[in-house]
Amino acid sequence: RAKAEGRSGYRIFEPSMREALNERRELERDLRLALENDELEIFYQPFVHADRQAVSGFEALLRWRHPRRGLVSPGVFIPLAEEIGLIEQIGVWALRTASAQAANWPGDLILSVNLSPVQFRSRTLVADVRQALARSGLSPRRLQLEVTESLFLDDGDNTLAILTDLRSDGMIISMDDFGTGYSSLGYLSRFPFDKIKIDQSFVRDMTLPENMAIVRAVIGLGRALKMPVIAEGIETVEQLRMLRAEGCREMQGFLFSRPRPAGDLPRILAEVQAFWASEREAAHSVA
Ligand code: C2E
Ligand code: MG
Ligand code: MG
Ligand code: MG
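Residues numbered from 1 in each chain as written. Chains lettered and ligands numbered in written order. Predicted model: local features only at pLDDT ≥ 70, side-chain atom pairs only at ≥ 80, totals over all residues. Heavy atoms only, no water.

Enquirer: Please provide a residue-by-residue account of empty space enclosed by the protein, values included.
Expert: For the structure shown, the criterion picks out one cavity of 30 Å³ or more. Estimated volume of the largest cavity: approximately 30 Å³. Together, L31, R32, A34, L35, L40, L86, Q89 and I90 line the largest cavity. Per element, the largest residue contribution to the lining of the largest cavity is three residues, and it comes from helix α1 (residues 2-34). Partitioned by chemical class, the residues of the lining of the largest cavity number six nonpolar, one polar and one charged. (1 Å grid on protein atoms, 1.4 Å probe; cavity = no way out; pocket = protein on both sides within 12 Å on 5 of 7 lines; lining within 4 Å. Points joined across faces, edges and corners; volume = space filled by probe spheres on them. Helix = DSSP H or I, 4+ residues; strand = E, 2+ residues; numbered from the N terminus. Nonpolar A, V, L, I, M, F, W, Y, C, P; charged D, E, K, R; others polar.)

Enquirer: Before we move on, could you go through the packing of helix α4 (residues 125-136) against helix α5 (residues 156-168) and cite the residues and values that matter?
Expert: Where α4 contacts α5, the axes come no closer than 10 Å and their chain directions differ by 20 degrees. Of the possible angle classes, the one that applies to α4 and α5 is roughly parallel. The two elements α4 and α5 cross, and the hand of that crossing is right-handed. Contacts between α4 and α5 pair L125, V126, V129 and R130 from the former with I162, D165 and L166 from the latter. Residue composition of the contact of α4 with α5, grouped by class: five nonpolar, no polar and two charged. (Axes fitted to C-alpha atoms, helices over the stretch in contact; angles between N-to-C directions. Parallel < 35°, antiparallel > 145°, perpendicular 65-115°, else oblique. Left-handed = near helix turned anticlockwise from the far one by under 90°. Contact = heavy atoms within 4.5 Å.)

Enquirer: Would you mind going over the site of ligand 1 in detail, with residue names and values included?
Expert: Taken together, 21 residues form the shell around ligand 1, and within it R63, N114, Q200, E235 and F254 come nearest. A distance of 3.1 Å separates a nitrogen atom of ligand 1 from a polar backbone atom of L62. Coverage of ligand 1 by the protein amounts to 82% of the 810 Å² it exposes when considered alone. Judged by the proximity of its atoms to the pocket grid, ligand 1 belongs to the largest pocket. Secondary-structure elements contributing two or more residues to the shell around ligand 1 are β2 (54-66), α2 (74-83) and β6 (172-178). Here the element with the most residues in the shell around ligand 1 is β2; it accounts for four residues. A class-by-class count of the residues in the shell around ligand 1 yields eight nonpolar, six polar and seven charged. (Near = heavy atom within 4 Å. Polar contact = N/O pair within 3.5 Å; in protein donor to acceptor, adjacent residues only side chain to side chain. Areas by Shrake-Rupley, 256 points an atom, 1.4 Å probe, with all protein chains shown as cover. Sits in = over half its atoms within 2 Å of the grid points.)

Below you can see the structure in the form of structure tokens.
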């Protein structure tokens, strides 16, 4: 009996492994065609300056409209693209497309684009970024690049050389998801980031004393190193007020807007304006 169970257990295991593998192969094959089939799209989420009470820019977040699966999350297809050698191509497409759209935005709104650590292994990264700007006419001062801590697991000298080149052009370099990576803080003193984005996992539950302690520590670190701290993942007015009280100035999260298609930008700007107007009203009626 035990033998039979063992055998049946094995039989159950085998097909599910095969299914997972087939599923992955299928997704891989589809992703290779996604660019030419025009299935990739960029959504935009605003980040907001709490003192100016206005949108300071938008983060470009990739979406994949799969013909059968619907919207596939970048959390799924970006790691896949990195693994199968597609991220360079997809990354350049995202930079060009987002820069072209941002060149038409009103005022001096910043475009923020995520760069994968894998893109830093490409010899043409700096040239690709410069070309995207040249083609679109977007000023380098209006382009922010977001990198993560895992970048510094690779060749640190190469990474620093690339970041230094981009920054000397006037681009804004931000450390994304800060506090979730390998947290060797040495790179913060070796490279002058313009901003630190504290990871949303710490913002999500600031009522936990240990999360609040990390938020405070990161804001303090940013202040000491003269790197403004952006908070992401803000969903409630309570979180907004706590972060402002801690000295955080730039904010991003569903409270202001979810990431939305490019056509929604004028509406997002109007909604954020309305949000601050009602905040001011609330503050007045309390006083
Ligand atoms: P990220 O760069 O840290 O982007 C922030 C993520 O948090 C986005 O997820 C955004 O939708 C989500 N988010 C923002 N505010 C809130 C909030 O208030 N609550 C919650 N629960 N979530 C919030 P998304 O769009 O699914 O992107 C996931 C990740 O995929 C990004 O994390 C980034 O690492 C990667 N990614 C997206 N687009 C690109 C790209 O063009 N290139 C590269 N290399 N990576 C990208
Ligand atoms: Mg980001
Ligand atoms: Mg992030
Ligand atoms: Mg993230």
